[in-house]
Amino acid sequence: MAGHAPAPLTRAIVAQLENGATTMLPSEAAIDAAEELARRFGLPLWQLCLTATDANRFVLRIARAVTKRPKVLVHNWCYHGTVDETFAISVAGGSAGTAQARPGNTGPQVDPSVTTRVVEINDLVATEAALAAGDVAAILIEPALTNIGIVLPDPGYHAALRTSGNKIRRTPHCR
Ligand SMILES: Cc1ncc(COP(=O)(O)O)c(C=O)c1O
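Residues take numbers from 1 onward in each chain, read along the sequence in its written order. In keeping with the model being predicted, local features are shown solely for residues with a pLDDT of at least 70 and side-chain atom pairs are shown and tallied solely at 80 or more, while totals for entire chains, interfaces and linings include all residues.

### Let's talk about the site of the ligand
Alright, step 1. Whether a residue is near a molecule or strand depends on its C-beta atom, placed from the backbone, lying within 6 Å of it. For the ligand, the set of nearby residues contains 9 residues, the closest of which are Thr51, Ala52, Thr53, Gly81 and Glu142.
Alright, step 2. The nonpolar class holds Ala, Val, Leu, Ile, Met, Phe, Trp, Tyr, Cys and Pro. Asp, Glu, Lys and Arg form the charged class, and all remaining residues, Gly among them, are polar. Per-class residue counts for the shell around the ligand are 3 nonpolar, 5 polar and 1 charged.

This is the structure in structure tokens:
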């Protein structure tokens, strides 16, 4: 994202390209990466992807499968790549994070009001209200908003969000 070219990274990429330029199928390097991730984070299964958009899509699918809930909660004017559910903004005067399509969201596969709830960054009261509807599978956020200038989180905001998010996991459907 920052566009710099650290020499070790460039060397590693060139070395990998010399093995073949396709990134379509998993390689032995994927096994090494997965084993290292498992070692560091203590989780046995890893899905590798090529973009942050893909990572977001994958994790939302897993969250829906685990929680049996349909929606994702995001920040107003967030940026998460081309994840359809996140091209949403809040509805003025709407309650519980009611969402609508963002201006310029051309031809969404599904109306974001069906897939998404939207709250302002740093608004924990609104977040709790949006979660109270009981249909949010995951909270997907950037550490700081980057799409409308940089909007920083208040001190303690992320920790409070994790506490709210943990309540999603404690609902009866979730394993
Ligand atoms: C927070 C965040 N999510 C997702 C993306 C999309 O990344 P990609 O182009 O790898 O899909 C970006 C790219 O800037 C990002 O900053």
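### Side note on helix α3 (residues 52-67)
Alright, step 1. Each helix corresponds to a stretch of at least 4 residues labelled H or I by DSSP, and each strand to a stretch of at least 2 residues labelled E; elements are numbered beginning at the N terminus. Multiplying one less than the number of residues by 1.5 Å gives the expected span of a helix. Between the first and last C-alpha of α3 there are 22 Å, a value that for 16 residues agrees with the 22 Å anticipated at 1.5 Å per step.
Alright, step 2. To sort residues by exposure, count the other C-beta atoms lying within 10 Å of each residue's C-beta; 20 or more gives buried, 12 or fewer gives exposed, and values between give partly exposed, all with C-beta atoms placed from the backbone. Within the span of α3, buried status applies to Asn56, Leu60 and Ala63. Axial view of α3: buried residues confined to an arc of 65 degrees, hence all on one face. With respect to the buried face of α3, the exposed residues turned more than 90 degrees away are Arg61 and Ala65.
Alright, step 3. Against β1 (71-75) and β5 (136-139) lie the buried residues of α3.
Alright, step 4. After α3 finishes, the residue Lys68 shows a positive phi value of roughly 60 degrees. The reported arc concerns the directions from the helix axis to the C-beta atoms and nothing else. The contact criterion used here is simple: two residues whose C-beta atoms, placed from the backbone, lie within 7 Å are in contact.

### Topic: unusual backbone geometry
Alright, step 1. Unusually for a residue other than glycine, Ala96 sits at a positive phi of about 50 degrees.
Alright, step 2. Mapped onto the fold, Ala96 is located in the loop between β2 (88-90) and β3 (99-101).
Alright, step 3. Among the residues examined, Ala96 registers 15 C-beta atoms within 10 Å and is labelled partly exposed.
Alright, step 4. Positive phi, normally seen in glycine, also occurs at Asn122, with a value near 75 degrees.
Alright, step 5. One can find Asn122 in the loop between β4 (116-119) and α5 (124-132).

### Observations regarding the domain arrangement of the chain
Alright, step 1. Here the limits of each domain have been adopted from an automatic or database domain assignment. Once the domains are mapped, the chain shows domain 1 (7-41) and domain 2 (52-169).
Alright, step 2. Computed from C-alpha atoms alone, the centre-to-centre distance between domain 1 and domain 2 is 31 Å.

### Brief notes about helix α2 (residues 28-41)
Alright, step 1. Across its 14 residues, α2 extends 20 Å between first and last C-alpha, which sits within 8% of the 20 Å expected from 1.5 Å per residue.
Alright, step 2. Counting buried positions along α2 yields 0 of 14 residues, so the element is predominantly exposed.

### Overview of the environment of Pro70
Alright, step 1. Locating Pro70 in the fold gives a position in the loop between α3 and β1.
Alright, step 2. Sequence separation between Pro70 and Gly3 is 67 residues; the distance between their C-alpha atoms is 36 Å.
Alright, step 3. Apart from residues lying up to four places away in sequence, Pro70 is in contact with Arg64, Thr115, Asp135 and Ala137.

### Structural notes on the sheet that holds β1
Alright, step 1. One open sheet accounts for 3 strands, arranged β4-β1-β5; its pairing is parallel. The open sheet is flanked by β4 and β5, the only strands paired with a single partner. In this sheet, neighbouring strand axes are inclined to one another by 30 degrees on average, regardless of whether the strands run parallel or antiparallel.
Alright, step 2. In this analysis, strands are considered paired if DSSP registers two or more bridges between them. With 4 bridges connecting them, β1 and β4 associate as parallel partners. Bridge pairing links Val72 to Thr116 in β4.
Alright, step 3. Sheet contacts for α3: β1 and β5; angle to β5, the most-contacted strand, approximately 140 degrees.
Alright, step 4. Packing of α5 onto the sheet brings it into contact with β1, β4 and β5, and relative to β4 it is tilted by some 165 degrees. Whenever a helix is involved, its axis is fitted only over the stretch in contact; in every case the axis is a line through C-alpha atoms, and angles between N-to-C directions fall within 0 to 180 degrees.

### Quick look at the nonpolar core
Within soluble globular proteins, side chains that are nonpolar generally end up buried alongside one another.
Alright, step 1. Core analysis: the biggest nonpolar cluster contains 21 residues, and Val72, Leu73, Val74, Val136 and Ala138 have the highest contact counts within it.
Alright, step 2. Going through the elements one at a time, α3, β1, β4, α5 and β5 are the ones with two or more residues in this core.
Alright, step 3. Among the elements that line this core, the one with the most residues is β5, at 4 residues.
Alright, step 4. Here Val74 is in contact with Thr86, Ala88, Thr116, Val118, Leu140 and Ile141, once residues within four sequence places are set aside. Joining buried Ala, Val, Leu, Ile, Met, Phe, Trp, Tyr and Cys residues through C-beta atoms within 7 Å gives a set, and that set is a nonpolar core.

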